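Each chain is listed here by its residues.
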Amino acid sequence: PFEEHGCTAVITNKTCDAHMQEAAMAHALLMCNAVTALKGEVAQLRQTNSVYQRMLLLSFDSECFIWSIPSFELQRGAEVSKIFKTKGLNWYMKIDFDESLQYSAVYLYASGHTKRVNFEFMLFNQDP
């Protein structure tokens, strides 16, 4: 039952009970890691939902990409978005966080093509 969370033990029906008792602490740690990952996903979904709600209020174009970055203020180095499609073309974004916290840079990259585009970038704070 813990395979999907990272348990690599190979067990049979006969050895399952013994394994569950022997690996209880390891399984608890796997579950803690899974819960922590889910908390991050929930925070990201809440931020994305908040942006959608604000966009609806402002009547934004429905063909846009929302990239929610949890714990933005704690980020260092670079983050890369998932590939998204707009106007029939694939794109992705990258943000570089300055180590000194003085600035961040946002880039838009073509994915699998060389087209150029005019685009609009809007930053929403996590607090409405």
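Residues numbered from 1 in each chain as written. Predicted model: local features only at pLDDT ≥ 70, side-chain atom pairs only at ≥ 80, totals over all residues. Heavy atoms only, no water.

### Considerations on the side chain of Thr86
And step 1. Structurally, the position occupied by Thr86 is in strand S2 (residues 84-86).
And step 2. Look at Thr86 and you get buried, because its relative accessible area is 17%.
And step 3. Each residue touching Thr86, except ones within four places of it in the same chain, is listed here: Glu63 and Trp91. (Helix = DSSP H or I, 4+ residues; strand = E, 2+ residues; numbered from the N terminus. Buried < 20%, exposed > 50% of the residue type's maximum accessible area, 1.4 Å probe, protein only. Contact = heavy atoms within 4.5 Å.)

### Focus: the pattern of salt bridges
And step 1. Enumeration according to the criterion identifies one salt bridge in this entry.
And step 2. Between Asp96 and Lys94 there is a salt bridge, with the nearest N and O atoms lying 3.8 Å from each other.
And step 3. A relative accessible area of 24% means that Lys94 is categorised as partly exposed. (Salt bridge = Lys/Arg side-chain N within 4 Å of Asp/Glu carboxyl O.)

### Quick notes on the confidence of the model for the protein
And step 1. Of the residues in the protein, 88% reach a pLDDT of 70 or more, and the chain-wide mean stands at 82.
And step 2. At the low end of the mean pLDDT range in the protein sits helix H2 (residues 24-58), at 80; at the high end sits strand S3 (residues 89-97), at 91. (pLDDT = per-residue confidence, 0-100.)

### Regarding the packing of aromatic side chains
And step 1. Using the criterion set out here, one finds three aromatic pairs in the structure.
And step 2. Cluster of aromatic residues (ring-pair linked, three or more members): Tyr92, Tyr107 and Tyr109. (Phe/Tyr/Trp six-rings, centres within 6.5 Å; stacked < 30°, edge-to-face > 60°.)

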